[in-house]
There are 6 protein chains.
Amino acid sequence: MKSCVIQVINPNINLAMTRMIGDAARRAAAPGTEIIAARPSQGVPSIEGHFDEAIAAIGVLEQIKQGKAYGVQGHIIACFGDPGLLAARETASAPVVGIAEAAMHMATLVATRFSIVTTLPRTLIIARHLLQRYGFEHHCAGLHAIDLPVLALEAHAEIAQQKVRECCIQSSRQDGTGAIVLGCGGMADLASALAQELGIPEIDGVSAAVKLIESLASLGITTSKRGDLDYPLAGMFNQLR
Amino acid sequence: MKSCVIQVINPNINLAMTRMIGDAARRAAAPGTEIIAARPSQGVPSIEGHFDEAIAAIGVLEQIKQGKAYGVQGHIIACFGDPGLLAARETASAPVVGIAEAAMHMATLVATRFSIVTTLPRTLIIARHLLQRYGFEHHCAGLHAIDLPVLALEAHAEIAQQKVRECCIQSSRQDGTGAIVLGCGGMADLASALAQELGIPEIDGVSAAVKLIESLASLGITTSKRGDLDYPLAGMFNQLR
Amino acid sequence: MKSCVIQVINPNINLAMTRMIGDAARRAAAPGTEIIAARPSQGVPSIEGHFDEAIAAIGVLEQIKQGKAYGVQGHIIACFGDPGLLAARETASAPVVGIAEAAMHMATLVATRFSIVTTLPRTLIIARHLLQRYGFEHHCAGLHAIDLPVLALEAHAEIAQQKVRECCIQSSRQDGTGAIVLGCGGMADLASALAQELGIPEIDGVSAAVKLIESLASLGITTSKRGDLDYPLAGMFNQLR
Amino acid sequence: MKSCVIQVINPNINLAMTRMIGDAARRAAAPGTEIIAARPSQGVPSIEGHFDEAIAAIGVLEQIKQGKAYGVQGHIIACFGDPGLLAARETASAPVVGIAEAAMHMATLVATRFSIVTTLPRTLIIARHLLQRYGFEHHCAGLHAIDLPVLALEAHAEIAQQKVRECCIQSSRQDGTGAIVLGCGGMADLASALAQELGIPEIDGVSAAVKLIESLASLGITTSKRGDLDYPLAGMFNQLR
Amino acid sequence: MKSCVIQVINPNINLAMTRMIGDAARRAAAPGTEIIAARPSQGVPSIEGHFDEAIAAIGVLEQIKQGKAYGVQGHIIACFGDPGLLAARETASAPVVGIAEAAMHMATLVATRFSIVTTLPRTLIIARHLLQRYGFEHHCAGLHAIDLPVLALEAHAEIAQQKVRECCIQSSRQDGTGAIVLGCGGMADLASALAQELGIPEIDGVSAAVKLIESLASLGITTSKRGDLDYPLAGMFNQLR
Amino acid sequence: MKSCVIQVINPNINLAMTRMIGDAARRAAAPGTEIIAARPSQGVPSIEGHFDEAIAAIGVLEQIKQGKAYGVQGHIIACFGDPGLLAARETASAPVVGIAEAAMHMATLVATRFSIVTTLPRTLIIARHLLQRYGFEHHCAGLHAIDLPVLALEAHAEIAQQKVRECCIQSSRQDGTGAIVLGCGGMADLASALAQELGIPEIDGVSAAVKLIESLASLGITTSKRGDLDYPLAGMFNQLR
């Protein structure tokens, strides 16, 4: 494989989470792949709703521009709502993959139906909308929230991880589900241990997205610039284009 | 009716279009309604894709905050993609209505199916996604683009209006449709003349949204702050909240 | 606003309910709006299923004809199943709005998902079919019945209202819903008190429909007479056309 | 097979069409089956829209009551819009089948997708709604109208039949369809000749419904009276219950 | 009715179940109908998943070929997953009906929604996929498994039948359902007793399929050989074609 | 990346096509990946419908068993209908990916909508069903057939390739599509040249599947053996399990 540079964008500005996501990406990356973990120069400390997503989308676009200038082979949007995904695809020429879509796509390859375990109940609507947009409504057996905010995954790691674990166990039983999608970039670390304990695939979107970008890059498939995802028309915000 | 102040936000920064949209809103407004036409302090000159929408969403949120401070009874997002709609609903306490949803809702009340006439073909995907999100896929008989950018509606008004007219006539015939939804805030002026010529309802989203906001305000119905649309959690971007 | 006369048709023959619905409509109406509350000359005392709806539809058509002769600016079908809606739209030239669709449309403007609270469990299938027809299946978080017939709302008002209240509270908790749609014209009185107690929008279809008709009338948008909703072809039942 | 009496209800009042439908039903009936062809005592001469359907539904209910008194084993609603179907099922205890649903169900058993050929374009919306209600949207490859009213099938039989034939041929080619559903009770006579000429199944709903009623009757399966389709609650219209 | 020979194919190789299915078919058959109960020469003893279905499909095709050589008027695939259905329709010229589709179609004619009671939880996904394929997702109120394998219906008949009974009672209450579809050919015997006890239609697919084949045969409707279901192209497996 | 052995199963018995598919897989494979191209010991020379798929599924299962014995890290089903996919997933412990799903998943990552270009019109129904099953109906802008059988891609390579090219060009224009999915394993060779000529991504399922299997293998994600895709229950066909 030719060497490949992937930019992993944490859409919030939290440094520790950016590092954690970068590390998770590196563990998933092929030998020839270099991971650049990035975060917006300004934005929200965590993403817990549509407002946060809108702010985060700008940070994502700013970072896409930087990654593009650097010449990366692909961009990852490392927040489970995939904020700014289609806008990023317009700006980028390399492929752009969100961690929610990455996890969902992967899950459908190894199970007939998956459950999603995410952070606050108020973000479930974002997952619902993504399932509809991506076409996976019939593949989702259940949507669950641990009722802790994103940053608790770091600040109160032990409690939060225990809640994720319990929620996964319960979802797996209730939903009759074959796989679990971890619905937050901050849960990337937990996937393999949980998979081992529960005996079913636990899909983390960060690592899934790394492999999808490597796949696209290796096949020479880039974002379609014909029609819907063509570069933005010239205007005032050239600094982000 | 108690007096009602409605903020009509043009998500792009074009002054002439902001005025035109404001005028259209005023023509639709009830006697007791005051219209404040606003545009972002910075942003894109027109919205022709997802990138432009992401930028525009920030401008919308900035304006929502100002409108909220002013104490308006409702906010309108006057771009056919309804950019930033759910984020705006999180920030606002008064109701927020997008002109695309307003036009689509109204159209389903007077026709079994409607056609959409919009600007550039690349924006059709935005309309498609909105139809899916709002639940109106089965109510849409056809999606059409005049293949001119938004600003042409102003810069080359005569040509653009002629194209809109032709596209409406053709859509009406081809699709066997009962109503036409005008898919751009910049087409607000054309609705009534076209309706008269074609003999079917032509729905302009700006005026439709004014009436929906007046309706909600009059009924005392405001954006639900329980759950999905609760105020954004505290964070760094308090200036927009 | 030019003066506007709206005919509110109670599809059943119950006089007290007709008055109650008329009063609810009047409370919602703009100053310039006159409300005419009507009921069929013959029909069913309440509507608790498809059979009752079929009978009621004839009464609705009879009343639409009278309202049309009177020159009203719009017609409301004030029963949650919207009986005879499309037939009424064929007969009418002014806009016709059902209270179920009115409430559902309004609810989607202020919440991502709504719950429905209605009367007997056997009428839930009617609500299900309407959700499918109108495109709001994804917007409905739950369907609930208080298990009392329509007329109990009047005959045993206290008990019935208590049941509605309890059902709203429970739905709001269970469904994680942002708004509640009251699924019966006879519940129109309860909306505002419940909204205040529960802290989420409670949408009553009667008042919602009044505002939608006022909106359409003010915009000069009338029922499309091209194609699907054209006037009925001439035949034997001219007395209803 | 025990002897079986089936009531075939022509929802319009046209005598010649009632006879024709009765004859088509008799040709399809098993030796032990007796066909009673009925029409409402009053109603519309033909059904060309939602208004006509609403009127016709009352006639259907009147006839269901008579058939029930007579003790028939099943009822057929012989108009392609299946007017009054669920109301009829509430009133009846024996099974009730509409000719649209009958034809659609049968078509899916012998072809992956079918096309519909019906009368006036304005009735296509009725077929669309039925496809959605019955779940056959994905099974329908095309909807076509010959642009002649129902009664033309009798008054101008030769021209109308030629139009049906041409429309079937064209649909079969255009849609890549495996079967054609004839969308009007008045086309019952044409099915077998067209099937032979075109070499694909042409499904007539009248004969399909006769076989479905015979099937249900023979299996002792009657309309579910638990829940949604329970008998109408007592009220003023007992004469129709 | 002209005499009619129907081949009922038990897709597994179990002799006792083949006989039981054959007997159930005979009880449903019209006087002039002859039932030939067949099973593959080799295959699986019972069908409890996709693997078993793939094996069973070959046995079904083998039997279809034999039935075709014999000159039967129709073929039934008597396993609730309808294994090999479309392949069988390509091979056959007579109609082919699966017992799952037969039961589902029939259920929608007598109830607005039905529940399914089947064997092992792992087969629920097969029923889910069939509901999607056939278009009956909205008609299904609940999917339930008794958690016993197919062969338990015979080997431990009493226990299994008791479990089916309990599951039907519970489903009927929980789902607010109007009918129950028995999700296994091995449950054919239980339908009428359960229907009587529960007071709602219990649909057995074997008898339903017999009546549908009789219906199609009587109407002269055979599998469409135009397009999608045309005979397989010539190749190496002529022995099965 | 640890070394990875992927079994690419051509579900038909054609040797030349097996080699071609194997070569395409090898070109896509990472340096550490070994490709084993396999074909069934017996089966159909090409797959042009449901019958052929049923036969091919058995060959796929036979090969899965062999690949499993060999200890491969993943299996690819290299026919656009993904025959036997869920059955193969039951049998396998390593991941199994079909080339249709692989291509469709990849296409949605780089374009909002894709078109499919396949061989014979009769196989379009298979693609339609897969789109529904996988959830990509809304992502498909058009389905097209070159009207030549699979083997023509080899026997009459030049003509066939020219037809594919023309069909891609036309689809790209007509459908307003952003990417094209090549709907046959035999088209694997054409993707990159066509992508270059047309300027939009042309997705070949064989190479896409190789990358997806490499991705899953690298992440240690294997087929879920909990519930729906658990190993087949013991029975007579142990030789294939």
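Just so we're clear, the structure is a prediction, and the values are computed from it rather than from any experiment.

Enquirer: Teacher, can you tell me more about the overall build of chain A here?
Expert: Each helix and strand counted, chain A has nine helices and eight strands in total. By the compact-globule yardstick of 18 Å for 241 residues, chain A fits well, its C-alpha radius of gyration being 17 Å. Dimensions of chain A, computed from C-alpha atoms along their principal axes, come out at roughly 50 × 35 × 30 Å. For chain A, buried positions account for 69% of its 241 residues. By sequence separation, contacts in chain A at least 24 residues apart represent 71% of the contacts at least 6 residues apart.

Enquirer: Explain the packing of aromatic side chains here, please?
Expert: The geometry of two aromatic rings is summed up by the distance between their centres and the angle between their planes. Under the defined criterion, the tally for this structure stands at three aromatic pairs over all chains. Plain terms: the ring middles of D:Phe136 and E:Phe136 are 5.8 Å apart, the flat faces sit at 70 degrees to each other, and that makes the pair edge-to-face. With D:Phe136 in the loop between α5 (124–134) and β6 (140–145) and E:Phe136 in the loop between α5 (124–134) and β6 (140–145), this residue pair bridges two chains. The exposure classification of D:Phe136 matches that of E:Phe136, with both residues buried. A cation over a ring is seen here: A:Lys225 above A:Tyr231, with NZ or CZ 4.1 Å from the ring centre.

Enquirer: Can you walk me through helix α2 (residues 50–70) of chain E in this structure?
Expert: What sets the pattern is the α-helix's 3.6 residues per turn: residues three or four places apart point alike. Residue and element names in this part refer to chain E. Counted at 1.5 Å a residue, the expected span for α2 with its 21 residues is 30 Å, and the 30 Å between its end C-alpha atoms agrees. Counted residue by residue, α2 has 15 buried out of 21 residues, so it is predominantly covered. Looking one or two residues past α2, Gly71 carries a phi angle of roughly 90 degrees, positive in sign.

Enquirer: How do you make sense of the domain arrangement of chain A when you look at a structure like this?
Expert: Accessible area lost upon the coming together of the parts serves often as the stated size of an interface. All names here are of chain A. Domain annotation of chain A identifies domain 1 (4–98 + 207–219) and domain 2 (100–205). Once you take the C-alpha centre of each, domain 1 and domain 2 turn out to be 20 Å apart. Facing the 29 residues of domain 1 at the interface are 33 residues of domain 2. Across the domain 1-domain 2 interface, the total number found is two salt bridges. With a closest N to O distance of 2.6 Å, Glu101 and Arg89 form a salt bridge. At the junction of domain 1 and domain 2, the tally comes to 14 residue pairs in polar contact (both at pLDDT 80 or more). Elements with a minimum of two residues in the side of domain 1 that touches domain 2: α1 (15–28), α2 (50–70), α3 (85–91), β4 (96–98) and α9 (205–219). Per-element tally for the side of domain 1 that touches domain 2: the top contributor is α1, with six residues.

Enquirer: Can you walk me through the interface of chain F and chain E in this structure?
Expert: At the junction of the two partners, chain F supplies 36 residues and chain E supplies 36 residues. In this structure, the connection of chain F to chain E is made through two salt bridges. The salt bridge partner of F:Arg122 is E:Glu90, with a shortest N-O separation of 3.5 Å. The interface formed by chain F and chain E holds 13 residue pairs in polar contact (both at pLDDT 80 or more) in total. Elements that contribute at least two residues to the side of chain F that touches chain E include exactly α2 (50–70), α3 (85–91) and α5 (124–134) of chain F.

Enquirer: How do you make sense of helix α8 (residues 191–198) of chain B when you look at a structure like this?
Expert: Residues and elements named next belong to chain B. Every buried residue of α8 is listed here: Ala191, Leu194 and Leu198. One side of α8 carries all its buried residues, which in axial view fall inside an arc of 70 degrees. Residues of α8 that are exposed and angled more than 90 degrees away from the buried face: Ser192, Ala193 and Gln196. Looking at the packing, one finds that the buried side of α8 touches α7 (157–175), β7 (179–182) and β8 (202–204). After α8 finishes, the residue Gly199 shows a positive phi value of roughly 75 degrees.

Enquirer: Quick question: what am I supposed to make of the interface of chain F and chain A here?
Expert: At the junction of the two partners, chain F supplies 45 residues and chain A supplies 45 residues. Looking at the side of chain F facing chain A, the largest losses of area belong to F:Leu109, F:Val110 and F:Arg226, adding up to 20% of the total buried there. Where chain F touches chain A, the interface holds zero salt bridges. On the surface where chain F and chain A come into contact, there are 21 residue pairs in polar contact (both at pLDDT 80 or more). Of all elements in the fold, only α3, β4 (96–98), α4 (99–110), α5 and α9 (205–219) of chain F reach the threshold of two or more residues within the side of chain F that touches chain A. If one sorts the elements of the side of chain F that touches chain A by residue count, α9(F) sits on top with eight residues.

Enquirer: Help me understand the relation of the copies chain F and chain E in this model?
Expert: Both copies of the chain are related through a single rotation about an axis accompanied by a shift along the same axis. Mapping chain F onto chain E is achieved by rotating through 180 degrees and translating by 0.0 Å along the same axis, at an RMSD of 0.0 Å. The transformation just described matches what one would write down for a two-fold rotation axis. Judged by C-alpha distance, F:Ala54 is the residue of chain F that lies nearest the rotation axis, at 3.5 Å.

Enquirer: Please explain the sheet that holds strand β2 (residues 33–38) of chain A as it appears in this structure.
Expert: Working definition: the strands of a sheet are paired by backbone hydrogen bonds and lie parallel or antiparallel to each other. All names here are of chain A. Read across the open sheet, the four strands follow the order β2-β1-β3-β4; overall the sheet is parallel. Since the sheet does not close on itself, it has two edges, and those belong to β2 and β4, each with one partner. Strand after strand, the sheet turns through a mean of 20 degrees between neighbouring axes, direction not considered. This element, α1, spans β1 (4–9) and β2 of the sheet and lies at about 165 degrees to β2. Seen against the sheet, α2 touches β1, β2, β3 (74–77) and β4 and runs at an angle of roughly 165 degrees to β1.

Enquirer: Is there a simple way to explain the packing of helix α9 (residues 205–219) of chain B against helix α9 (residues 205–219) of chain C in this structure?
Expert: Helices that pack against each other are described as a pair by the angle of their axes relative to one another and the distance between those axes. Two elements in contact, α9(B) and α9(C), have axes separated by 9 Å at closest approach and are oriented at 145 degrees. Once α9(B) is placed against α9(C), the crossing between them reads as right-handed. Here B:Ser207, B:Ala208, B:Lys211, B:Leu212, B:Ser215, B:Ser218 and B:Leu219 of α9(B) come into contact with α9(C), specifically with C:Ser207, C:Ala208, C:Lys211, C:Leu212, C:Ser215, C:Ser218 and C:Leu219. Classifying every residue of the contact of α9(B) with α9(C) gives six nonpolar, six polar and two charged.

Enquirer: I tried to follow the pattern of salt bridges on my own but got confused; where do I start?
Expert: Two side chains of opposite charge can pair, provided their charged atoms sit close to one another. All names here are of chain D. Considering all chains together, one arrives at 36 salt bridges over all chains under this definition. Between Lys211 and Glu214 there is a salt bridge whose closest N-O contact spans 2.8 Å. Pair noted here: Lys211 and Glu214 are both in helix α9 (residues 205–219), with a separation of three residues, about one helical turn. On the accessibility criterion, Lys211 (3% relative accessible area) is buried.

Rules used in this analysis
Residues numbered from 1 in each chain as written. Chains lettered and ligands numbered in written order. Predicted model: local features only at pLDDT ≥ 70, side-chain atom pairs only at ≥ 80, totals over all residues. Heavy atoms only, no water. Helix = DSSP H or I, 4+ residues; strand = E, 2+ residues; numbered from the N terminus. Rg over C-alpha atoms; globule rule 2.2 N^0.38 Å. Buried < 20%, exposed > 50% of the residue type's maximum accessible area, 1.4 Å probe, protein only. Contact = heavy atoms within 4.5 Å. Phe/Tyr/Trp six-rings, centres within 6.5 Å; stacked < 30°, edge-to-face > 60°. Lys NZ or Arg CZ within 6 Å of the ring centre and 35° of its normal. Expected span 1.5 Å × (residues − 1). Domains from an automatic or database assignment. Salt bridge = Lys/Arg side-chain N within 4 Å of Asp/Glu carboxyl O. Polar contact = N/O pair within 3.5 Å; in protein donor to acceptor, adjacent residues only side chain to side chain. Arc of directions from axis to C-beta. Buried area = accessible area lost by both parts, 1.4 Å probe. Least-squares fit on C-alpha atoms with pLDDT ≥ 70 in both. Pairing = 2+ DSSP bridges. Axes fitted to C-alpha atoms, helices over the stretch in contact; angles between N-to-C directions. Left-handed = near helix turned anticlockwise from the far one by under 90°. Nonpolar A, V, L, I, M, F, W, Y, C, P; charged D, E, K, R; others polar.

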